[in-house]
Amino acid sequence: MLWNAILLALREIRRNIMRSSLTALGIIIGVAAVIIMVTLGSGATAKVTKQISSLGSNMLLIRPGQGMHGPGGRQSTASAFKVEDAEAIARDISGLEAVAPSATQSMQAIYGNENWSTTAVGTTNAYLEVRDWPIEKGRRFSKSELHGGKAVCILGSTVGNKLFGGQDPLNATIRLKKLSFRVIGLLKTKGQSTFGTDRDDIALIPLRTLHRRITGNTNVSVIYVSVLDGVSIEMAKKDIERLMRERRHISQREDDDFNVMDMREIVKILSGTTRVLTGLLGAVAAVSLLVGGIGIMNIMLVSVTERTREIGIRLALGALEREVLLQFLVEAVVLSSLGGIIGIMFALTTSLVLSKVLLVPFIFNIGIVFISFIFSVAVGIIFGYFPARKAARLDPIEALRHE
Amino acid sequence: MKAISKISGRPLIEIKDVSKVYGQGQAVMHALRGINLQITNGDFVAVMGPSGSGKSTCLNILGCLDTPTLGTYLFMGIDVGKLTRNQRALLRRHYLGFVFQNYNLLKRTSSIENVELPLIYRGLPAAERHAYSLNALKAVGLKGWEHHTAGELSGGQQQRVAIARAIVTEPTVLLADEPTGNLDSERSRETIELLARFNRDKGITIVMVTHETDMASYAKRSINFIDGLIVNDKLQETS
Ligand SMILES: Nc1ncnc2c1ncn2[C@@H]1O[C@H](COP(=O)(O)OP(=O)(O)OP(=O)(O)O)[C@@H](O)[C@H]1O
Ligand SMILES: [Mg+2]
């Protein structure tokens, strides 16, 4: 009986190739849409998360003022940190890997005829540790350069390219804010930040040089801290907050006038956002699966007259109700699984290509493949089987007379 | 299956006070108004009568395709009205062959696959199915048309595919609703002779609706319907 049903089902599929392929197409589109959207969405999430964690997930950022300002956010009125604050943190708090005070100033960098406006960051070698930023060429600051406030700089790759093109920048002399600086190193390319800013558009100079020769004060705008592996970031953050409250004479009742930011919080917020986006894409895709399902339903309903007569003929020739239904079930299962499998293959190749083009990692999610397959097969079966069930319950003569 | 009809002394087909009513209220239509009919095994009955007199309705009931509104139908002594849908389907499968007035073929399906269909439901293996179907198509003069779909055939050719489909199972009873309605006189004669041969050589009982008296003259018995009633039932000399 099953063999007969399979035979008859395959014959019907072959005979009505147009109807069959349209049915399968509805499923192909639905399944492919879901898988492509979810795959690319999770790829994007993974990319963003990875980018953010490349900022250093064991990093704390300490700055005066309250609230979280993004880059270029509003300056606070709270008093700035001093170099001594960074020194106190390094001295008094345990479990830290590196502490880097920093102050920034935007300025023109000039070499020969080339002119580029960039950001100079006055800091120490610890900055390279905290930001996990290796030197591509040349060397770090020497002790004497740091203590003596020498006019030396380490360039980010963007600045290096803009000023020197293909030339070797090492030991060349460039001008920053009208002062001559010797280039002693070139940083490795870090790429764009999650916020879309160019992190390589930077020139590092010793903090003391910036203070003495450029700003004229001893303010520190941000202190970067990295925590040793295995040490609780939470604890380090609490300790730093306590120390800073003490040093800035903040009484029990007053709020902090500084801010210790944990990079993991940003990671959480941003990957949460992309996850929401992936969910949204998934929802859009689910709608397209539904639309595919409605397409299938339409085809089924349009062909219902013809199929009702077919059922009438089969019943008249002595087919049992359950034999007719089994045939229709097999038809629906074959068409929708075929559509599902083609949809999955199409979706996986398309996502593979698109992930290459969009530069996001290709993340194969077996769960979504499984769910969309099951859903589409269910849609195919429901819309293929239930109209048939109704027809198979008619008297043969009624089914034959169906208009 | 033949055994059942042999042992029983009763007629193969027995209809008692059968009426069929379509619609209700104003639109009520009495297609059959209480008919009685007995057909014995091996008979060849021609059913005649004006259009709308209830011939097809009666044949559908005999073929277990439809159920009477009132009255009983005994087929081989079995009260069909008491059977389930599946049991009636099995009667159709094993004992009945039906040629519809409007053929009722699967349009996009080849002639041979149309003819094979009742054999598939009987569970015959593919090779036998194929051989029997080829034979039946040959018998109705459609050799060489096996792989044309029903939709590609002329009305007369479709009618002959429908006849082949009905005779391929060699049913106990063959019910044919105007089987020559679309055939030219030459084809009509060939077809009716084929049916007569079937009746004579294989003992297949035939009930055939026809409008033409010379077709009816091949039958052993003719019945006349008028307005849902049997008005004339006579035995006749076969030519
Ligand atoms: N499904 C139906 N619904 C309503 N009335 C019907 C239905 N089927 C048949 N009738 C009516 O029953 C009557 C008998 O119909 P039937 O088909 O048995 O006639 P017939 O003798 O076969 O005619 P013909 O020679 O034209 O085929 C007709 O008046 C027809 O209108
Ligand atoms: Mg009729």
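Here the structure is a predicted model, which is why all the values come from computation and not from measurement.

*Asks:* Give a detailed account of the overall build of chain B, specifying residues and quantitative values.
*Replies:* Counting its regular elements, chain B contains eight helices and 10 strands. Over its C-alpha trace chain B gives a radius of gyration of 17 Å, about what one expects of a compact globule, namely 18 Å for 239 residues. In terms of overall dimensions, chain B has a C-alpha envelope of 50 × 40 × 35 Å along the principal axes. Per-residue burial over chain B gives 54% buried out of 239 residues. For chain B, the computed accessible surface area is about 10200 Å², with 51% contributed by carbon and sulfur atoms. Side chains of chain B give 28 positive and 23 negative charges; the mean places of these two sets differ by 6 Å.

*Asks:* With reference to specific residues and values, describe helix 4 (residues 111–122) of chain B.
*Replies:* Residues and elements named next belong to chain B. Among the 12 residues that make up helix 4, 11 are buried, leaving the element largely enclosed by the rest of the structure. Taken together, the buried positions of helix 4 are Ser111, Ile112, Glu113, Asn114, Val115, Glu116, Leu117, Pro118, Leu119, Ile120 and Tyr121. Of the residues one or two after helix 4, glycine 123 is the one with positive phi, at around 80°.

*Asks:* Any chance you could break down the nonpolar core for me, citing the residues and the numbers?
*Replies:* In terms of nonpolar packing, the biggest core is built from 52 residues, with Ile311 of chain A together with Ile13, Leu62, Tyr73, Phe75, Leu91 and Leu175 of chain B touching the most fellow members. Those residues in contact with leucine 62 of chain B, other than ones at most four positions away along the chain, are Ile13, Ile15, Tyr73, Leu96, Leu175 and Val207 of chain B. Within the second largest apolar cluster, 42 residues are counted, among which are Ala120, Cys153, Ile205 and Ile223 of chain A.

*Asks:* Describe the coordination of the magnesium ion (ligand 2), and please don't skip the residues or the numbers.
*Replies:* Residues and elements named next belong to chain B. Around the magnesium ion (ligand 2), the donor atoms from the protein are Ser56 (OG) and Gln101 (OE1), and they sit 1.9 to 2.4 Å away. Here serine 56, found in helix 2 (residues 55–62), pairs with glutamine 101, found in the loop between strand 6 (96–99) and helix 4; they are 45 residues apart in sequence, far enough to count as distant. For serine 56, a relative accessible area of 23% translates into the label partly exposed.

*Asks:* Give a description of a nonpolar patch on the surface that names residues and reports values.
*Replies:* Residues and elements named next belong to chain A. Together, Ile17, Met18, Leu22, Leu25 and Ile29 give the surface a local cluster of nonpolar side chains, amounting to about 490 Å² of exposed area. Tracing the sequence through the fold places isoleucine 17 in helix 2 (residues 17–53). Residue isoleucine 17 is classed as exposed on the basis of its relative accessible area, which comes to 55%.

*Asks:* Break down the pairing of strand 1 (residues 59–64) of chain A for me, with residues and values.
*Replies:* Residues and elements named next belong to chain A. The element strand 1 is extensively covered by neighbouring structure, given that six of its six residues are classed as buried. Burial of the side chains of strand 1 extends over both faces: Met59, Leu61 and Arg63 are buried on one face and Leu60, Ile62 and Pro64 on the other. In terms of strand pairing, strand 1 meets strand 12 (residues 258–262) through five bridges, oriented antiparallel. Paired with arginine 63 across the strands is asparagine 259, a residue of strand 12.

*Asks:* Go over the sheet that holds strand 8 (residues 205–209) of chain B, please, and point to the residues and values.
*Replies:* Adjacent strands of a sheet form backbone hydrogen bonds with each other and so pair up, either parallel or antiparallel. Residue and element names in this part refer to chain B. Pairing within the open sheet is mixed, and its six strands lie in the order 6-7-8-3-9-10. For this open sheet the edge positions go to strand 6 and strand 10 (229–235), each flanked by a neighbour on one side alone. Within the sheet, the average angular offset between the axes of one strand and its neighbour, ignoring direction, is 15°. With four bridges connecting them, strand 3 (residues 44–48) and strand 8 associate as parallel partners. When the sheet's bridge partners are listed, alanine 46 is paired in strand 8 with methionine 208.

*Asks:* Describe the interface of chain B and chain A, and please don't skip the residues or the numbers.
*Replies:* Chain B puts 27 residues into the contact, and the matching count from chain A is 31 residues. Of all residues in chain B, the largest losses of buried area upon contact with chain A belong to Arg85, Arg108 and Tyr121 of chain B, amounting jointly to 26% of the total for that side. For the interface between chain B and chain A, the tally reads seven salt bridges. Its salt-bridge partner being glutamate 323 of chain A, residue arginine 93 of chain B comes within 2.4 Å of it at the nearest N-O pair. A per-class count over the side of chain B that touches chain A returns 11 nonpolar, six polar and 10 charged.

*Asks:* Account for the site of ligand 1, with residues named and values stated.
*Replies:* Around ligand 1 sit 15 residues, and of these Arg401 of chain A together with Ser51, Lys55, Ser56 and Thr57 of chain B come closest. Around ligand 1, the nearby residues trace back to chains A and B. One of the side-chain nitrogen or oxygen atoms of serine 51 of chain B is found 2.4 Å away from an oxygen atom of ligand 1. With respect to ligand 1, the backbone of glycine 52 of chain B contributes an N or O atom lying 2.8 Å from an oxygen atom. For ligand 1, whose accessible area on its own is 630 Å², the fraction buried by protein is 69%. When residues of the shell around ligand 1 are traced back to their parent elements, those giving at least two are strand 2 (29–39) and helix 2 of chain B. The element contributing the most residues to the shell around ligand 1 is helix 2 of chain B, with three residues. Looking at the shell around ligand 1 residue by residue, the class counts come to four nonpolar, eight polar and three charged.

Conventions we followed
- Residues numbered from 1 in each chain as written.
- Chains lettered and ligands numbered in written order.
- Predicted model: local features only at pLDDT ≥ 70, side-chain atom pairs only at ≥ 80, totals over all residues.
- Heavy atoms only, no water.
- Helix = DSSP H or I, 4+ residues; strand = E, 2+ residues; numbered from the N terminus.
- Rg over C-alpha atoms; globule rule 2.2 N^0.38 Å.
- Buried < 20%, exposed > 50% of the residue type's maximum accessible area, 1.4 Å probe, protein only.
- Areas by Shrake-Rupley, 256 points an atom, 1.4 Å probe, with all protein chains shown as cover.
- Lys, Arg positive; Asp, Glu negative; His and termini not counted.
- Charge placed at Lys NZ, Arg CZ, Asp CG, Glu CD.
- Core = buried A, V, L, I, M, F, W, Y, C linked by side-chain atoms within 4.5 Å.
- Contact = heavy atoms within 4.5 Å.
- Donors = N, O, S within 2.8 Å, 3.2 Å for Na, K, Ca; no water.
- Patch = residues over 30% accessible without salt bridge, like charges linked within 9 Å, V, L, I, M, F, W, Y side chains within 5 Å.
- Salt bridge = Lys/Arg side-chain N within 4 Å of Asp/Glu carboxyl O.
- Pairing = 2+ DSSP bridges.
- Axes fitted to C-alpha atoms, helices over the stretch in contact; angles between N-to-C directions.
- Buried area = accessible area lost by both parts, 1.4 Å probe.
- Nonpolar A, V, L, I, M, F, W, Y, C, P; charged D, E, K, R; others polar.
- Near = heavy atom within 4 Å.
- Polar contact = N/O pair within 3.5 Å; in protein donor to acceptor, adjacent residues only side chain to side chain.

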